[in-house]
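Structural description and commentary
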Amino acid sequence: MRTRYGPWAVVTGASSGIGREMALKLAEEGLNLVLVARSQAVLEQMAKDLRDPYGIEVRLVIKDLAVEMSVNSLVAQTDDLDVGLLVAAAGFGTSGVFLNSQLEQEMEMLNVNCRSLLGLTWHFSQRFAQQQRGGIVLMSSIVGFQGMPFAAHYAATKAYVQTLAEALYVELAPKGVDVIASAPGPTNSGFSDRAGMKVGKVLSAGEVADSASI
Ligand SMILES: NC(=O)c1ccc[n+]([C@@H]2O[C@H](COP(=O)([O-])OP(=O)(O)OC[C@H]3O[C@@H](n4cnc5c(N)ncnc54)[C@H](OP(=O)(O)O)[C@@H]3O)[C@@H](O)[C@H]2O)c1
């Protein structure tokens, strides 16, 4: 992993759930990490827990990815690093009757799940194609494969991610860049509370991170 995708990986959504588990697995593989999320204290603790035990470097970028231009500033903070892997796991969901939804919250979700993911994918695919080496992991979802009443817009954001990843898998392969979508079903994390979703049988975030290897 370190030779193929290292020495640095950027992981968004690193403070919780699937992104956090992915970051831990990359640390075990010896990759240096740029950890991105809003929860500064959580990321600071993670950095403490990872640096010495795994002998890696960790840089924190505290960022709200719903905010316009946040991607530009995040990318700028990685300009001096030899990044070979992007894990775009930051995201959240909404649920309920579409007619009752709050447009501002839906726009925020669009910004985090789609617009920031697009910006990051665009920037890092340029870098990776130039260096003829890299990997991109985009967090999709099982709900991205068809319309989903009562989570209509969340499912639509994941259809966007899934479709983008499938096409880039083909386009970027000749440039030496691997792309995958990870599209799990319900997973035990902070997700369902924030989305207001009741879920039945769940995967662990570790199981999802294990299956997302490229
Ligand atoms: N859990 C599931 O059932 C499930 C199933 C399929 C797909 N997914 C997808 O998997 C991804 C990870 O979700 P999860 O289950 O691990 O949920 P989670 O435990 O709630 O983690 C979400 C992560 O995204 C970050 N995030 C949320 N809003 C952000 C913002 N505005 N700016 C920056 N970072 C933000 C959070 O960090 P901060 O709060 O610290 O900012 C957190 O690290 C999401 O894209 C989700 O759609 C989840």
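Scroll up a little and you will see the structure.
Section: a nonpolar patch on the surface
Together, V97, L99 and F150 line one region of the surface with nonpolar side chains, adding up to about 360 Å² of accessible area. Of the residues examined, F150 reaches a relative accessible area of 57% and is grouped as exposed.

Some words on the pattern of salt bridges
By the definition in use, this model includes seven salt bridges. Between D79 and R127 there is a salt bridge, with the nearest N and O atoms lying 3.7 Å from each other. Placement of the pair is D79 in the loop between α4 (70-76) and β4 (83-88) and R127 in helix α5 (residues 103-131), with a sequence separation of 48 residues. For R127, a relative accessible area of 19% translates into the label buried.

A few points about the site of the ligand
Lining the immediate environment of the ligand, one finds 30 residues, of which S16, R38, S39, Y154 and S189 sit closest. A89 places a main-chain nitrogen or oxygen 3.3 Å from an oxygen atom of the ligand. Note that an oxygen atom of the ligand is positioned 2.9 Å from one of the backbone N or O atoms of G190. About the coverage of the ligand: the protein hides 94% of its 880 Å² of free accessible area. For the shell around the ligand, the elements supplying multiple residues, two or more each, are α2 (17-28), α6 (152-172) and α7 (191-195). For the shell around the ligand, the class distribution of residues is 13 nonpolar, twelve polar and five charged.

A closer look at the packing of aromatic side chains
Two aromatic rings, taken as a pair, are described by how far apart their centres are and by the angle between their planes. Overall, the coordinates contain two aromatic pairs when judged by the stated rule. Between the aromatic rings of F124 and F128, the centroid separation amounts to 5.8 Å while the plane-to-plane angle is 40°, which identifies the pairing as tilted. With F124 and F128 both in helix α5 and four residues apart, this pair spans about one turn of that helix. Each member of the pair F124 and F128 is classed as buried. The residue whose ring lies beneath R194 is F92, and the NZ or CZ to ring-centre distance is 3.7 Å.

Let's talk about the nonpolar core
If you look at the biggest cluster of nonpolar residues, it comprises 33 residues, and the most contacted ones within it are F124 and I136. Counting residues per element, the ones that place at least two in this core are β1 (8-12), β2 (32-37), α4, β4, α5, β5 (134-139), α6 and β6 (177-182). Beyond its immediate chain neighbours, meaning those up to four positions away, F124 contacts V10, V75, T78, V83 and L86. Counting residues in each nonpolar core, the second largest holds 28 residues, with M22, A23, L85 and A205 among its members.

Topic: the packing of α5 against α6
Between α5 and α6, the shortest axis-to-axis distance is 9 Å and the interhelical angle comes to 10°. Taken together, the axes of α5 and α6 are roughly parallel relative to one another. Contacts from E106, M109, L110, N113, C114, L117, L118, T121 and S125 of α5 reach α6 at H153, Y154, T157, K158, Y160, V161, L164, L168 and L172. Looking at the contact of α5 with α6, its residues break down into eleven nonpolar, five polar and two charged.

Looking at the pairing of β2
For β2, the buried fraction is high: six of the six residues fall into the buried class. Residues of β2 alternate between two faces, with N32, V34 and V36 on one and L33, L35 and A37 on the opposite face, all of them buried. Here β1 runs beside β2; their pairing, made up of five bridges, is parallel. In the sheet register, T12 faces β2, and the bridge partner there is V36. Once the chain exits β2 it traverses helix α3 (residues 40-54) before rejoining the sheet at strand β3 (residues 58-62), and the crossover so formed is right-handed.

Conventions we followed
Residues numbered from 1 in each chain as written. Predicted model: local features only at pLDDT ≥ 70, side-chain atom pairs only at ≥ 80, totals over all residues. Heavy atoms only, no water. Patch = residues over 30% accessible without salt bridge, like charges linked within 9 Å, V, L, I, M, F, W, Y side chains within 5 Å. Areas by Shrake-Rupley, 256 points an atom, 1.4 Å probe, with all protein chains shown as cover. Salt bridge = Lys/Arg side-chain N within 4 Å of Asp/Glu carboxyl O. Buried < 20%, exposed > 50% of the residue type's maximum accessible area, 1.4 Å probe, protein only. Helix = DSSP H or I, 4+ residues; strand = E, 2+ residues; numbered from the N terminus. Near = heavy atom within 4 Å. Polar contact = N/O pair within 3.5 Å; in protein donor to acceptor, adjacent residues only side chain to side chain. Nonpolar A, V, L, I, M, F, W, Y, C, P; charged D, E, K, R; others polar. Phe/Tyr/Trp six-rings, centres within 6.5 Å; stacked < 30°, edge-to-face > 60°. Lys NZ or Arg CZ within 6 Å of the ring centre and 35° of its normal. Core = buried A, V, L, I, M, F, W, Y, C linked by side-chain atoms within 4.5 Å. Contact = heavy atoms within 4.5 Å. Axes fitted to C-alpha atoms, helices over the stretch in contact; angles between N-to-C directions. Parallel < 35°, antiparallel > 145°, perpendicular 65-115°, else oblique. Pairing = 2+ DSSP bridges. Right-handed = clockwise from strand over helix to strand, strands pointing away.

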